[in-house]
Structures are given as C-alpha cells and as structure tokens.
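# Observations on chain architecture
Here is how the chains run, residue by residue.
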Amino acid sequence: MSNQKSSSIPLMVEKKLTEMVKPPKRIPSHTLSLSTLDNAPYNEVIYKLCYVFKARDVVDDDNQPEYLVREALSGLLGYYYPLSGTMKRRETDRKIQLSCGSDDGGGVAFTVATANVELSSLKYLENTESDTALKFLPELQVDKDGYPPFALQVTNFECGGFILGIAMSHSMCDGYGVGHIMCALTELARGEKKPTGTPVWERERLVGRPKENDKPPFIPGGDTAASPYLPTDDWVTEKINISAESIKRLKEATLKECDFSNETLTTFEVIGAYLWKSRVKALSLDGGGVTSLGVAVGIRNTVNPPLPDGYYGNAYIDMYMPLTIKEVEEQSISDIVKLIKQAKRKAHDKDYVQEELANIEHIINMNLTIEGRFCLTDWRNIGIFGSMDFGWGEPVNIVPVVPPEITRIVSMFMPAPRLESSMVEGVQIMITLPRVAMVKFKEEMNALN
C-alpha cells in the first residue's frame, strides 16, 4: 500500500546540508601537473553516477549511510588528497593545474538530502530520465576560473534505502580510477583501517613529447555521412538489455562466418559490430558518406614498465575505424570484428602509444578542436562495478549520468541490471539517438533476442 501512496505523489528532494569534508591532516600548499591524456580537452567533462541501495532488513538500525560515507570520505582524502584540490586550465599552455592544500584546506563537497518517496516507486532508477537522476547527484561543473574534481551526495528515501551520488572530473581519472576510489571508500565505510590498494600519482608517465620541427598534428576527419534525422533537438537515451543467450547466438553465427580459433571472440567486439551496423541503419545515413566507429582501448599494460595498479589517471586512447556507409552495410559482423581487433592490437603497440601521446600534446599546445565521432566504451570490467557493499548489500542499480553532448556520440557497455535475474551474464547498452531513429534502432537490437 505504501508503494501506491509514494508513486502517486510528486517527487521532492530536499538538500538539507552541504559541508566541505577535508583531509584528516593538513596538506602543504603545492601544485600537481596532469598527464597528456588528462589534459586532453575531450576529457574535461564531469561524469556522474548514482549507486542505488535498497533498505537493510534490520530492525532498529542506528547506522546511517550518510554518517558512514562522510567518515569514510574524510579517511579517503588521507590517501587520495588530490581529490580535495582545485583544477584550472592555464591560458598560457592550455594545461590543467591541480592546486592542493589551499589556505582554507580545500575539501570535497558532501551533501545530505531526503526524498519524499520510496525507491520502488522510481523503479530503483531503471530507465529514469536524466533530469530526475540529477536530483540525487551533487552539483559540479567545469569552470574556467577553477573547480573541484570530486563531490558526493547521499539521498535518503522513505523506505530506508538511499542513493549515493558521485560527480567526478574525467580529467582526474578514467573509469578504472573511479573504481579504485569507490572501492577504497567502500572499504573505509566498512570499517577497514586503510584501503587495500595504494594510490599512485605518476602522471608524468603519460606525457607526450612532440619532436622539434615535428609535422603538424594529425586531426582525424569528422564523419561526412548525412542523416535525414539530423540536426535535431529531439534526442532520447535508452538502455537496452541483451541476454547471455542472445550474445552466445551472435558469437556462434560470427564464428561460422570466420574462424577466430586463435583469438578470443569478445562480447564487446560482436555486440559492438552489430550495434554499429544497427546505428547506421537506424539513422538512414547516406551511402556515399563516411562514418567512424571508435573504441576506447586501455593502455595500462602497454607502456614500459606497465602502470602500477594504483594509478588512477586516464590510461586509455580512442581508436577509430572510418568506413563508407556502403562498406558498413556490406561488411559482415565478422569483418567489423576484425577491424576492432586490428585497432586494439595497434593501440597495444608501445611505439604507437608514444606517437599518439605526442600527437595529443601537439593538439593541446595548438588549442585545436577534434570533432566528436561515435565511440564505444566498456564500463563492465573497469572497477566501477566492483564491491560496493558497506552494510546495505551491493547496489541494485548503477546509473551513469553523462553530459548530453557526450551521450550523443558515446555508447556505453554496462553490466546487466541486478534487478533482473534473467539477465545474468548479459550486457546493457546505453545509447542516445534522435527519437525517430531510436524506434528503428530498438527493432534492430531486439532482433537479437
């Protein structure tokens, strides 16, 4: 009955308290430099995540999530103190500087809020609009005059459940780095004396060094294929679940097209190839134009020596495969899988990585703009979705909230929602398309099932 009541009233979220949580010890004033990948303009965006926790099945429970998280955050800043600093991009060389240990001690904004409904009335944020999810997230945005890299919010619900919302500058860390930070926060909230992992800065390891009198930087060309549905202001974001059985069938069909016996055929590769073909068809792109598929490839183990496990800066590069629309339509899933594998092998070449770092450094120095192109990124195994149980069990849902200009060109592979037992070992795809194109895209993706 309570569910009916809560679902019939409008959602109201009251932000009751925001405080600056500081490191447990004073940090001497100093400035840290970031890597070339951290400094890349396309990484200077704010990514946000909602971790959704059900109520604990405990009577007379005095442990409040906001207290545990707040205390854990203070302890966390003893290890990850750069999170309490201020980021600002210099006009002189276009590099971001991280100022730590300011006179007021810096800190991380921590907000406590309450919602007037039960989480079940919001379906635990499954397929929730971004405008609703933003109510459970801290306010944080890039500011040319300086901005903090990290903020947290705990929102308590009528049912006893809560949402832990985080906001993080992508210039500070990639998904793997967020995973390290959130796992450390969880361990401290559980009562551990210190995190298992030791954070490592070492951003100088990934700084590109353009050669003197080097040729002009390589700027990848933008897509030229036109769609009758673009430009538009009517965009829609969907999460599409793909079952383990559907993935298995697609892999089997792909193996019949081509023998990959000497290589592992990954879910990312086969679903990525199918998704790209489906997106091209849904957008009705003109056959003579060119479109690109990008894949984000981790390079932690490519540099020599490999980056330490505790490194939490950006450690990936985007690899792009341009094809004409006619080529995308005519090539099989196995053909596109081969292209993805080739791109990944190239990204794992040490010399290529150094060339790419030098090229990005050159682009930053010249303040050039890179046009956005469609890219796939895999959030399933990078640490964000490791253990988050600090007394309330694992989150039943994890909802990324990404700036609209990013969601339109980046599709995310995510773990299947824990709320659906039929989706064990499946995958969830998050994608944004013009509303009219999304109808056709969903038809293509549903054909897998």
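To be clear, the structure that these remarks concern was listed above.
Now for a description of the structure that goes with this document. It should be emphasised that the depicted structure is a prediction, and the values quoted were computed from it without experimental measurement. Just so you know, the residues in each chain are numbered from 1, in the order the chain's sequence is written. Given that this is a predicted model, residues contribute local features only at a pLDDT of at least 70 and side-chain atom pairs are listed and counted only at 80 or more, while totals for whole chains, interfaces and linings are drawn from all residues. Based on all heavy atoms of the structure, the side-chain values leave hydrogens and waters out of the count.

Of regular secondary structure, the protein chain possesses 12 helices and 15 strands. Using C-alpha atoms as the atom set, the radius of gyration is obtained and then compared with a globule rule of 2.2 Å times the number of residues to the power 0.38. Taking 2.2 N^0.38 as the reference for a compact globule, 449 residues should give roughly 22 Å; the C-alpha atoms of the protein chain span a radius of gyration of 23 Å, in line with that estimate. Along the three orthogonal principal directions, the C-alpha set of the protein chain runs to about 65 × 60 × 45 Å. By residue count, 52% of the 449 residues in the protein chain fall in the buried class. The criterion used for residue contact is that any of the two residues' heavy atoms lie within 4.5 Å. Here the contacts in the protein chain between residues at least 6 apart in sequence split such that 82% fall between residues at least 24 apart. For every accessible area listed, the method is Shrake-Rupley and the probe measures 1.4 Å; residues are considered covered only by the protein chains on display. Accessible surface for the protein chain amounts to roughly 21,000 Å². Of this, 49% is attributable to carbon and sulfur atoms. Helix and strand definitions here come from DSSP, where helices need a minimum of 4 consecutive H or I residues and strands a minimum of 2 consecutive E residues; each element is numbered from the N-terminal end. With a 1.4 Å probe rolled over the protein chains alone, any residue whose accessible area is under 20% of its type maximum counts as buried; one over 50% counts as exposed, and the rest are partly exposed.

When the centres of two rings from Phe, Tyr and Trp lie within 6.5 Å, Trp using its six-membered ring, the rings pair. Their planes under 30 degrees apart give stacked, over 60 give edge-to-face, and anything left gives tilted. Applying the stated criterion across every chain yields a total of 10 aromatic pairs. Each ring, one from Tyr47 and one from Trp379, has its centre 6.0 Å from the other, and the planes form 40°; the classification is tilted. Of the two residues, Tyr47 is situated in strand β3 (residues 46-53) and Trp379 in the loop between β12 (375-378) and β13 (397-401); the sequence distance between them amounts to 332 residues. Tyr47 sits in the buried class, given a relative accessible area of 17%. By the ring-pair criterion, three or more aromatic residues cluster together here, those being Phe53, Phe162, Phe390 and Trp392. Charge over a ring is defined by NZ of Lys or CZ of Arg lying within 6 Å of the ring centre and within 35 degrees of the ring normal. Looking at Arg203, its charged tip hangs above the ring of Trp201, at a distance of 3.8 Å from the centre.

Of the two faces of strand β4 (residues 86-89), only one is covered, namely that formed by Met87 and Arg89; the face formed by Thr86 and Lys88 stays uncovered. By this definition, two strands are paired if DSSP reports at least two bridges between them. Alignment of β4 against strand β5 (residues 96-100), held across 4 bridges, turns out to be antiparallel. Each residue of the ladder has a partner; that of Thr86, found in β5, is Ser99. Between β4 and the antiparallel strand that follows it, β5, lie 6 residues; Arg94 among them carries a positive phi value of about 65°.

On to the sheet that holds strand β15 (residues 427-434). Overall, mixed pairing links the 6 strands, which are arranged β9-β15-β14-β12-β10-β11 in an open sheet. Unpaired on one side and paired on the other, β9 (235-242) and β11 (316-324) mark the two borders of the sheet. Strand-to-strand twist in this sheet, taken as the mean axis angle between neighbours without regard to direction, amounts to 20°. Whenever a helix is involved, its axis is fitted only over the stretch in contact; in every case the axis is a line through C-alpha atoms, and angles between N-to-C directions fall within 0 to 180 degrees.

If you trace the backbone, Gln97 turns up in strand β5. Definition of a polar contact: a pair of N or O atoms within 3.5 Å, with one able to donate and the other able to accept a hydrogen when the atoms are protein atoms, and with sequence-neighbouring residues admitted only if both atoms are side-chain atoms. Only 3.5 Å separates the side chain of Gln97 from the side chain of Arg90, close enough to count as a polar contact. Leave out the neighbours within four places in its chain, and Gln97 touches Thr31, Leu32, Ser33, Thr86, Met87, Lys88 and Arg90.

Only buried residues count toward a nonpolar core. Its members are Ala, Val, Leu, Ile, Met, Phe, Trp, Tyr and Cys residues joined through side-chain atoms within 4.5 Å. The biggest cluster of nonpolar side chains holds 60 residues, and the ones touching the most others in it are Leu206, Ile271, Val295 and Phe441. Of the residues forming this core, the biggest block, 10 residues, is contributed by helix α7 (residues 267-283). One finds Val21, Leu34, Val45 and Phe150 within the second-largest nonpolar core, a separate group that totals 57 residues.

What holds strands together in a sheet is hydrogen bonding between their backbones, with the strands either parallel or antiparallel. Taken in spatial order, the 3 strands of this open sheet run β2-β5-β4, and their pairing is antiparallel. What marks the edges here is a single partner per strand, and that holds for β2 (30-33) and β4. Taken pair by pair, the neighbouring strands of this sheet meet at an average axis angle of 30°, ignoring direction.

Cysteine sulfur atoms are paired as a disulfide whenever they fall within 2.5 Å. Under the defined criterion, the tally for this structure stands at 0 disulfides. The cysteine Cys183 is free of any disulfide, with Cys173 supplying the nearest cysteine sulfur at 12 Å. The exposure class of Cys183 is partly exposed, given its relative accessible area of 26%.

Looking at where Thr291 falls in the secondary structure, it is placed in strand β10 (residues 290-298). Separated by 69 residues in the primary sequence, Thr291 and Gly222 have C-alpha atoms spaced 8.0 Å apart. Leave out the neighbours within four places in its chain, and Thr291 touches Asp223, Trp276, Val280, Leu285, Met321, Pro322, Leu323, Ile325 and Val328. A distance of 3.3 Å separates a polar atom in the side chain of Thr291 from a polar atom in the side chain of Asp223.

Below, the discussion takes up the pattern of salt bridges. Salt bridge, as used here, is a side-chain nitrogen of Lys or Arg placed within 4 Å of a carboxyl oxygen of Asp or Glu. Counted under the stated rule, the structure contains 17 salt bridges. Notably, a salt bridge pairs Arg203 with Asp38, separated by 2.8 Å at the nearest N-O pair. On the criterion of sequence distance, the pair formed by Arg203 in the loop between α5 (175-189) and β9 and Asp38 in helix α2 (residues 36-39) is long-range, its members being 165 residues apart. Just as Arg203 is buried, Asp38 falls in that class too. Where salt bridges share partners, they join Glu19, Arg70 and Glu71 into one cluster.

A few words on unusual backbone geometry. In this chain, Leu230 is followed by Pro231 through a cis amide linkage whose omega measures 0°. Following Asn304, the chain continues into Pro305 via a peptide bond in cis, with omega recorded as -5°. Phi is positive for Tyr124, which is not a glycine, with a value near 55°. Within the element layout of this structure, Tyr124 appears in the loop between β6 (108-115) and α4 (130-133). Taking the relative accessible area as the measure of exposure, Tyr124 reaches 18% and is therefore buried.

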